[in-house]
Amino acid sequence: SLHEVSRLKKLINDLLHITRAEHPRLKNEEMTDLSETLHQLVKNLEIIHPDYHLFLEVDMKISKISISRQHLEQIMIILLDNAIKYSINNKSIWITAKQEEGEIIVSVADSGMGIPSEHLAKVFNRFYRVDKARSRENGGTGLGLSIAQRLIKKYNGAISIESQEGVGTKVKIVLPYS
Ligand code: ATP
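All values reported here derive from a predicted model rather than from experimental measurement.

## Some words on the overall build of the protein
Then comes step 1: Secondary structure assignment for the protein yields 6 helices and 7 strands.
Then comes step 2: Ordered by position from the N terminus, the helices and strands of the protein form the series α-β-α-β-β-α-β-β-α-α-α-β-β.
Then comes step 3: Burial statistics for the protein: of 178 residues in total, 43% are counted as buried.
Then comes step 4: For the protein, contacts bridging at least 24 residues in sequence account for 67% of all contacts bridging at least 6.

## Some details on the site of the ligand
Then comes step 1: Taken together, the neighbourhood of the ligand is formed by 19 residues, with Asn82, Tyr86, Asp110, Arg129 and Thr141 sitting nearest.
Then comes step 2: Within the contact set of the ligand, a nitrogen atom lies 2.9 Å away from a side-chain nitrogen or oxygen of Asp110.
Then comes step 3: Val130 is positioned such that a nitrogen or oxygen atom in its backbone is 3.2 Å from an oxygen atom of the ligand.
Then comes step 4: In isolation the ligand has 600 Å² of accessible area, and contact with the protein removes 98% of it.
Then comes step 5: Taken together, the elements giving at least two residues each to the shell around the ligand come down to helix H3 (69–85) and helix H6 (144–154).

## Topic: the pattern of salt bridges
Then comes step 1: On inspection of all chains with the given rule, the structure shows 6 salt bridges.
Then comes step 2: The closest approach of N and O atoms between Lys61 and Asp59, which form a salt bridge, is 3.8 Å.

## Digging into the side chain of Ser92
Then comes step 1: Structurally, Ser92 can be placed in strand E4 (residues 92–100).
Then comes step 2: The contact partners of Ser92, leaving out residues within four places of it in the chain, are His53, Phe55, Ala109, Asp110 and Ser111.

How each quantity is defined
Residues numbered from 1 in each chain as written. Predicted model: local features only at pLDDT ≥ 70, side-chain atom pairs only at ≥ 80, totals over all residues. Heavy atoms only, no water. Helix = DSSP H or I, 4+ residues; strand = E, 2+ residues; numbered from the N terminus. Buried < 20%, exposed > 50% of the residue type's maximum accessible area, 1.4 Å probe, protein only. Contact = heavy atoms within 4.5 Å. Near = heavy atom within 4 Å. Polar contact = N/O pair within 3.5 Å; in protein donor to acceptor, adjacent residues only side chain to side chain. Areas by Shrake-Rupley, 256 points an atom, 1.4 Å probe, with all protein chains shown as cover. Salt bridge = Lys/Arg side-chain N within 4 Å of Asp/Glu carboxyl O.

So this is what it looks like as structure tokens:
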């Protein structure tokens, strides 16, 4: 079906991105303006999803961080897309960026359906999806978070998730700051 074709296209696209991210010649030297990138993403998402409220708070101290803009955007789009997909009944999303002891911490929090604790440890696995039936209509592949994790690790960063079923989810990425 058309739906299946578009899922496969997305899958191939995602796999290509992983391959590119793992290219041995990749140098992690690019600097990106975090605040500007986040504001731009939020602005675009507000146009696509006018029914959601996106709250963005960026620590004034942060200027440029060492990650390619393309990778930062890719990671943020994965997290924001999930926050949007899995919070259809409570459409507020909070995005914060702060600097703490040599680290940049960016978080995306929603008050959506949340993730049952028994599934939480597995959501970074490739193709893992919580309760396929409940989220099938969203048409995800289960690759988003594993891609985000691979990308952030390229920059010696980390990703973590906290969630409570029926309450909401918070995903945090941590990047070393020099
Ligand atoms: P896609 O590859 O399109 O992102 P996906 O959303 O299914 O598909 P992941 O991003 O890897 O894949 O997420 C894995 C699973 O974790 C999802 O299927 C969903 O069940 C759960 N999940 C991720 N983010 C959230 C969130 N913000 N709220 C609730 N559940 C989430």
